[in-house]
Amino acid sequence: MHETERPSMEDMLEQNGKPGEKRRGWVGFVEGDAVNFMNQYQIEKMTLDDGAGNKAKLTRLKDNAIKVECTSSNIL
C-alpha cells in the first residue's frame, strides 16, 4: 500500500480487532457502531463509504427510528 492510499475497512478491522473477536461484516458495522455513533451525537443524516464498494446511508425518521440503506460489493 502506498502512503497516499487509505486502508480498506477489512484491513482496519483485521488490524484493530481484539484477539479472538469475530470479525464483523460491513452491515454489522453499520447497524452497530455507526448507528450507536449517530444516536450518541444526535445526528440526523450520515453517509458512509469504505472505498471498496460498500456504502451506507443512515437517516433519522420523525419517530426517532433510524432508516439504514446498505449496498455492498463482494468478490467471489
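Quick caveat: nothing in here was measured; it's all calculated off a predicted structure.

1. A closer look at unusual backbone geometry
Then, in step 1: The backbone phi angle of Q42 is positive, close to 50 degrees, even though this residue is not glycine.
Then, in step 2: Along the chain, Q42 turns up in the loop between helix 2 (26–40) and strand 1 (45–49).
Then, in step 3: Here Q42 falls in the exposed class, since its relative accessible area comes to 64%.
Then, in step 4: In this model, N64 sits at a positive phi of 75 degrees, which is unusual for a non-glycine residue.
Then, in step 5: The topology assignment puts N64 in the loop between strand 2 (55–60) and strand 3 (66–71).

2. A word on the environment of V35
Then, in step 1: Counting through the fold element by element, V35 comes out in helix 2.
Then, in step 2: Using a relative accessible area of 15% as the deciding quantity, one classes V35 as buried.
Then, in step 3: Between the C-alpha atoms of V35 and V68, which are 33 residues apart in sequence, the distance is 8.7 Å.
Then, in step 4: Sequence-distant contacts of V35, that is, excluding residues within four places in its chain, are made with V30, L58, I66 and V68.

3. Quick notes on the nonpolar core
Then, in step 1: W26, V30, A34, V35, M38, M46, L48, A56 and L58 together form the largest nonpolar core, which totals nine residues.
Then, in step 2: Among the secondary structure elements, those contributing two or more residues to this core are helix 2, strand 1 and strand 2.
Then, in step 3: Ranked by the residues each element gives to this core, the list is headed by helix 2, at five residues.

4. A word on the packing of aromatic side chains
Then, in step 1: Following the criterion strictly, the structure yields two aromatic pairs and no others.
Then, in step 2: Ring plane angle 50 degrees and centroid distance 4.9 Å describe the contact between F37 and Y41, whose orientation is recorded as tilted.
Then, in step 3: Classification of F37 as partly exposed rests on a relative accessible area of 40%.

5. So, the pattern of salt bridges
Then, in step 1: Going through the model one piece at a time under the given rule, you end up with one salt bridge.
Then, in step 2: E69 serves as the salt-bridge partner of K67, at 3.6 Å between the closest nitrogen and oxygen.

6. Some details on the pairing of strand 2
Then, in step 1: Inspection of the sheet shows strand 1 paired to strand 2 by five bridges, in the antiparallel sense. Looking at strand 2, one finds that L48 is bridged to A56.
Then, in step 2: Taking the residues that link successive antiparallel strands as the turn, the strand 2-strand 3 hairpin has five residues, and the phi of N64 there is positive, at about 75 degrees.

About the thresholds
- Residues numbered from 1 in each chain as written.
- Predicted model: local features only at pLDDT ≥ 70, side-chain atom pairs only at ≥ 80, totals over all residues.
- Heavy atoms only, no water.
- Helix = DSSP H or I, 4+ residues; strand = E, 2+ residues; numbered from the N terminus.
- Buried < 20%, exposed > 50% of the residue type's maximum accessible area, 1.4 Å probe, protein only.
- Contact = heavy atoms within 4.5 Å.
- Core = buried A, V, L, I, M, F, W, Y, C linked by side-chain atoms within 4.5 Å.
- Phe/Tyr/Trp six-rings, centres within 6.5 Å; stacked < 30°, edge-to-face > 60°.
- Salt bridge = Lys/Arg side-chain N within 4 Å of Asp/Glu carboxyl O.
- Pairing = 2+ DSSP bridges.

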